[in-house]
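What follows is the residue order along each chain.
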Amino acid sequence: MIVTIDGVAASGKSSVSGGVARALGVPYVSSGLLYRAATGLGLEAAVDLHDAPALLSHLQSHPLRLEPLAAGNRVWQGGRELTGELHSTRVDRGVSVVAALPEVRAWVDAQLRALPSPFVAEGRDMGTNVFPRAGAKFYLTASPHIRAVRRAQERPEDVPAIEAALVRRDELDRVQSAPAPDAVVIDTGPLTLDGVIQTILAQLPA
Ligand code: ADP
Ligand code: CDP
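Within every chain, residues take consecutive numbers counted from 1 along the sequence as written. Labels are handed out in written order, letters beginning with A for the chains and numbers beginning with 1 for the ligands. Only residues with pLDDT of 70 or above have their local features reported here, since the model is predicted, and side-chain atom pairs are shown and tallied only from 80 upward, although totals for entire chains, interfaces and linings are computed over all residues. By convention in this description, side-chain values take in all heavy atoms of the structure and omit both hydrogens and water.

Chemist: Describe in detail helix α4 (residues 89–99), supporting the description with residues and values.
Modeler: Each residue gets one of three labels from its accessible area relative to the maximum for its type: buried under 20%, exposed over 50%, partly exposed in between, using a 1.4 Å probe on protein chains only. Secondary structure elements follow DSSP: runs of H or I of four or more residues count as helices, runs of E of two or more count as strands, with numbering from the N terminus. Within α4, eight of the eleven residues are buried, leaving the element largely enclosed by the surrounding structure. What α4 keeps buried is the set T89, V91, D92, G94, V95, S96, V98 and A99.

Chemist: An account of the nonpolar core is requested, with residue identities and associated values reported.
Modeler: Core analysis: the largest hydrophobic core is formed by 35 residues, its most contacted members being L64, V75, V104, W107, L112 and F131. At the level of elements, α2 (31–44), α3 (52–61), β3 (64–67), α4, α5 (102–113), β6 (119–123) and α6 (126–130) are the ones that each hand at least two residues to this core. Take this core: its biggest share by element is seven residues, from α2. Residue contacts for F131: discarding those within four places in its chain leaves I2, T4, L112, R113, F119, A121, M126 and K137. Membership of the second largest hydrophobic core comes to 16 residues, among which are V16, A21, Y28 and V196. Joining through side-chain atoms within 4.5 Å is the link that ties buried Ala, Val, Leu, Ile, Met, Phe, Trp, Tyr and Cys residues into a set, and such a set is a nonpolar core. Contacts between residues were defined by any pair of non-hydrogen atoms, one from each residue, lying within 4.5 Å.

Chemist: Summarise the site of ligand 2; cite the residues concerned and give the values.
Modeler: Within the structure, ligand 2 sits among 19 residues, and K13, R151, R169, D173 and Q176 are positioned closest to it. In this structure, an oxygen atom belonging to ligand 2 sits 2.7 Å away from a side-chain N or O atom of K13. For ligand 2, whose accessible area on its own is 530 Å², the fraction buried by protein is 97%. Elements with a minimum of two residues in the shell around ligand 2: α2 and α4. When residues in the shell around ligand 2 are grouped by element, the largest group, four residues, is from α2. One heavy atom suffices: a residue is near a molecule or strand as soon as one of its heavy atoms comes within 4 Å of it. In protein, a polar contact requires one atom able to donate a hydrogen and another able to accept it; more generally it is a pair of N or O atoms within 3.5 Å, and residues adjacent in sequence count only if both atoms are side-chain atoms. The protein chains shown are the only cover counted for residues, whose accessible areas, like all others here, come from Shrake-Rupley with a 1.4 Å probe.

Chemist: For the site of ligand 1, give the residues involved together with the corresponding values.
Modeler: The immediate surroundings of ligand 1 are formed by 16 residues, with K13, S14, S15, E154 and L191 found nearest. A distance of 3.1 Å is found between an oxygen atom of ligand 1 and a backbone nitrogen or oxygen belonging to A10. Contacts to ligand 1 include L193, whose backbone N or O atom sits 3.4 Å from a nitrogen atom. Considering ligand 1 on its own, with 560 Å² of exposed area, one finds that the protein chains cover 81% of that surface. Elements with a minimum of two residues in the shell around ligand 1: α1 (13–24), α7 (144–151) and α9 (193–203). At three residues, the largest contribution of residues to the shell around ligand 1 is made by α1.

Chemist: Provide a residue-level description of the pairing of β3, including the pertinent values.
Modeler: Because side chains alternate across β3, one face comprises the buried residues L64 and L66, and the other comprises R65 and E67, none of which is buried. DSSP calls a pair of strands paired once it identifies at least 2 bridges connecting them. Across four bridges, the pairing between β3 and strand β4 (residues 74–77) is antiparallel. The partner of L64 across the bridge, within β4, is Q77. Between β3 and β4, which pair antiparallel and follow one another directly, the connecting turn spans six residues, one of which, G72, has a positive phi of 145°.

Chemist: Let's hear about the sheet that holds strand β2 (residues 28–30): which residues, and what values?
Modeler: Read across the sheet, five strands follow the order β2-β6-β1-β7-β8 without closing on themselves; strand pairing throughout is parallel. Of all the strands in the sheet, just β2 and β8 (184–187) have a single pairing partner and so form its edges. Adjacent strand axes in the sheet meet at a mean angle of 20° when their direction is disregarded. When strand β1 (residues 2–7) meets β6, the two strands line up parallel, connected through five bridges. For I5, the partnering residue across the bridge sits in β6 and is E122. Each of β2 and β6 is contacted by α2, which is oriented at about 35° to β2, the strand it contacts most. For helices, the fitted line uses only the C-alpha atoms of the stretch in contact; every axis is such a line through C-alpha atoms, and the angle between N-to-C directions lies from 0 to 180 degrees.

This is how it looks when you write it as structure tokens:
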């Protein structure tokens, strides 16, 4: 079975997906990491991130491989691991431009659909576009301020700057970020990480 966990930026998707996946004994799949890796490669090669043909041709000549482990996803270009470079402010700023390109979305979707199930898939459109027949779907939210306070533990900027960037990215990602009509929406604001994980586990079909 496939479980999808979508939601806005820094709502807890990857931490929650990791916890749910470990409890189920399956891997989780971070779709955002592929968008981040495409962005990181494009920035590194000074490709114009709005130029879909140029970016796609660069991705085809530098294939990426997602390693969807329950302990944390990793992404590789050939023998080089990119994972550690992809959660930077620079990639945060460019990734929504790359994710808006239909050609890049089709390239990511094809890689995700080729993965062997079962797994937990997290991102924006896992329950709507990529895995519409998933066995259980969740959508995480929290206020921009709460999300910025959480993300401030992982970025050098202060909370107001992070909050402004999150709101901007939510807006740029809005098209692909609608919850599936059959997703359970969870406001993670008042919950601990473990509270969110337990809420999801309690609602999974037996
Ligand atoms: P996303 O994948 O949606 O961007 P993350 O899983 O990276 O979100 O979570 C962002 C930060 O918020 C991490 O530091 C994580 O530990 C923390 N976090 C996530 N969910 C909660 C929660 N319910 N309560 C407190 N902190 C949380
Ligand atoms: O963790 P955070 O929410 O900050 O980012 P992420 O999940 O790693 O996603 C990074 C970016 O990839 C998002 O801001 C979207 O632009 C894009 N994305 C997407 O469009 N569709 C997905 N399924 C996953 C990510």
